[in-house]
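# Overview (structure and organization)
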Amino acid sequence: FSSIAIFCGDKIGRKRLTYLIRIIVLILFVWFAGFSPSLMRAFICSVLSLLAAICGTEKPDMIMILCFSFLLQSFISPDDIHNIGFMLSHGALAGILLTNQLFHKIYSKIFPSFISSSFASSTGAQIITAPIGLKIFGTFSPIGIIATTVISPIITVFIYSGLILIILSLIIPNFYKFSGFFMNFLYTVIKFFVMLFSKVPCININ
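Notes on the structure follow. (Residues numbered from 1 in each chain as written. Predicted model: local features only at pLDDT ≥ 70, side-chain atom pairs only at ≥ 80, totals over all residues. Heavy atoms only, no water.)

Counting its secondary structure elements, the protein chain contains 8 helices and 2 strands. Listing every helix and strand of the protein chain by position from the N terminus yields α-α-α-α-α-α-β-α-α-β. A principal-axis box enclosing the C-alpha atoms of the protein chain has dimensions of 55 × 45 × 40 Å. Taken over 206 residues, the protein chain has a buried fraction of 33%. Contacts spanning at least 24 positions in sequence make up 56% of the contacts within the protein chain whose residues lie at least 6 apart. Just so you have it, the protein chain exposes about 13400 Å², and 72% of that area is on carbon and sulfur atoms. Of the charged side chains in the protein chain, 13 are positive and 5 negative; the average position of the first set lies 12 Å away from that of the second. (Helix = DSSP H or I, 4+ residues; strand = E, 2+ residues; numbered from the N terminus. Buried < 20%, exposed > 50% of the residue type's maximum accessible area, 1.4 Å probe, protein only. Contact = heavy atoms within 4.5 Å. Areas by Shrake-Rupley, 256 points an atom, 1.4 Å probe, with all protein chains shown as cover. Lys, Arg positive; Asp, Glu negative; His and termini not counted. Charge placed at Lys NZ, Arg CZ, Asp CG, Glu CD.)

Next up, the structure:
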């Protein structure tokens, strides 16, 4: 949604308006989707990144933003600290930010760039969130590194297709039947791979 706002703002040619559109779009999306702990984290990080850009910071320190997001969300909603979504969301992003470059260098020696990037992000997220999963669920699934790399591109297609098809269905009302069929097809594909990877044995400490 933020990317669409950037595109619209760039077409208009007004940078300040782009920031305003992005903030409004983010607020509307989170309001529509609901302020779950993980989505709240994403919202706070996005707003902080936007504020940094407005202040002229081209490359803000994302670790600093994540840490401030953690403190701010803990202050706004203390109960979120005990929520598994809150833990995994902050942990996964921290893992990606801290280890992505290291793992990318390792994987790039074996895989093409787009695959190594996905593997690197997934590995970083898994390493930091593994202790959380072991503590709460008593299990850890290393297959998640591969599963994320396979499923994430399909989910990306699902998200962008949904946005495009919503717009087309509003313009052409009769288009909603095809939209529904196509989105259900993508959902079925995603569900198939999720269920397939879920059958792979995991590490269990119970």
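Take S69: it is sitting in helix 4 (residues 62-76). Residues contacting S69, with those up to four places away along its chain left out, are R41, I44, C45, L48 and H90.

A few words on the packing of aromatic side chains. Taken as a whole and judged by the stated rule, the model has 8 aromatic pairs. The interplanar angle of 40° and the centroid separation of 5.5 Å between the aromatic rings of Y107 and F119 together place this pair among those described as tilted. One end of the pair, Y107, is in helix 5 (residues 84-107); the other, F119, is in helix 6 (residues 113-136), with 12 residues separating them in the sequence. Using a relative accessible area of 13% as the deciding quantity, one classes F119 as buried. Between F192 and F193 the ring centres are 5.4 Å apart and the planes differ by 70°, which places this aromatic pair in the edge-to-face class. Of the residues examined, F193 reaches a relative accessible area of 24% and is grouped as partly exposed. Ring-pair connections join several aromatic residues into one group, and the members of that group are F103, Y107, F111 and F119. (Phe/Tyr/Trp six-rings, centres within 6.5 Å; stacked < 30°, edge-to-face > 60°.)

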